[in-house]
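Residues per chain, in single letters:
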Amino acid sequence: MRRDSKLSSILHVLLHMAHSGRSMTSEELAGFLDTNPVVVRRTLGSLRELGYVDAVKGHGGGWSITCDLAHVTLHDIYVAVGAPAVFALGNRNEHPACLVEQAVNTALDAALREAEALLVARLADVTLADLSADFNRRFARVKGAPDAAH
């Protein structure tokens, strides 16, 4: 089963935007993700409505980050991209008649709810500034390498 990478992808482009020092086109951002620029525009459009990014049309235009990285958490972005399912695990049948499957569902449901709550809470502890600082540390170690920033 394919994992949902929407959160990871949008965090990726947000950090590129934050470190670029200029507006970036949907085409440029799509290149970082090996995807179609339409996908980037659609996702960034929802972030624009929340004030995290902005776009300027025309020559020299593009997307830019407009939020304070220290005040936006990974949880904020997770919610902004629609709070995708955290786990691919789930019940085979949500309303089974079989008593064995009912027992299995009860055990899995409780464990998955607890794990998801823990993960989502952890997202609230990490800001975009934290990610940016981590990138800066990594970049300083490999500065000058051909593929250093991407």
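Predicted model only: the values in this text are computed from it and were never measured.

1. Here we look at unusual backbone geometry
Inference 1: Not every positive phi belongs to a glycine, and Asp-34 is a case in point at roughly 55°.
Inference 2: Among the structural elements, Asp-34 can be located in the loop between α2 (26-33) and α3 (37-49).
Inference 3: The exposure class assigned to Asp-34 is exposed, which follows from its relative accessible area of 73%.
Inference 4: One non-glycine residue, Ala-83, lies in the positive phi region at around 45°.
Inference 5: For Ala-83, the position within the fold is in the loop between α4 (74-80) and α5 (99-123).

2. Re α2
Inference 1: The complete set of buried residues in α2 reads Ser-26, Leu-29 and Ala-30. Looking down the long axis of α2, one finds its buried residues gathered within 100° of arc, a one-sided arrangement.
Inference 2: Here the buried face of α2 lies against α1 (6-20), α3 and β2 (62-65).
Inference 3: Downstream of α2 by a residue or two, Asp-34 has a phi angle that is positive, lying close to 55°.

3. Focus on the side chain of Asn-91
Inference 1: Along the polypeptide, Asn-91 turns up in the loop between α4 and α5.
Inference 2: Judged by its relative accessible area of 15%, Asn-91 falls in the buried class.

4. Some thoughts on the nonpolar core
Inference 1: If you look at the biggest cluster of nonpolar residues, it comprises 27 residues, and the most contacted ones within it are Ile-10, Leu-44, Leu-47, Ile-77 and Leu-128.
Inference 2: Elements with a contribution of two residues or more to this core: α1, α2, α3, α4 and α5.
Inference 3: With six residues, the single largest contributor to this core is α1.
Inference 4: Sequence-distant contacts of Leu-44, that is, excluding residues within four places in its chain, are made with Ile-10, Val-13, Met-17, Leu-29, Val-53 and Trp-63.

Cut-offs used in this document
- Residues numbered from 1 in each chain as written.
- Predicted model: local features only at pLDDT ≥ 70, side-chain atom pairs only at ≥ 80, totals over all residues.
- Heavy atoms only, no water.
- Helix = DSSP H or I, 4+ residues; strand = E, 2+ residues; numbered from the N terminus.
- Buried < 20%, exposed > 50% of the residue type's maximum accessible area, 1.4 Å probe, protein only.
- Arc of directions from axis to C-beta.
- Contact = heavy atoms within 4.5 Å.
- Core = buried A, V, L, I, M, F, W, Y, C linked by side-chain atoms within 4.5 Å.

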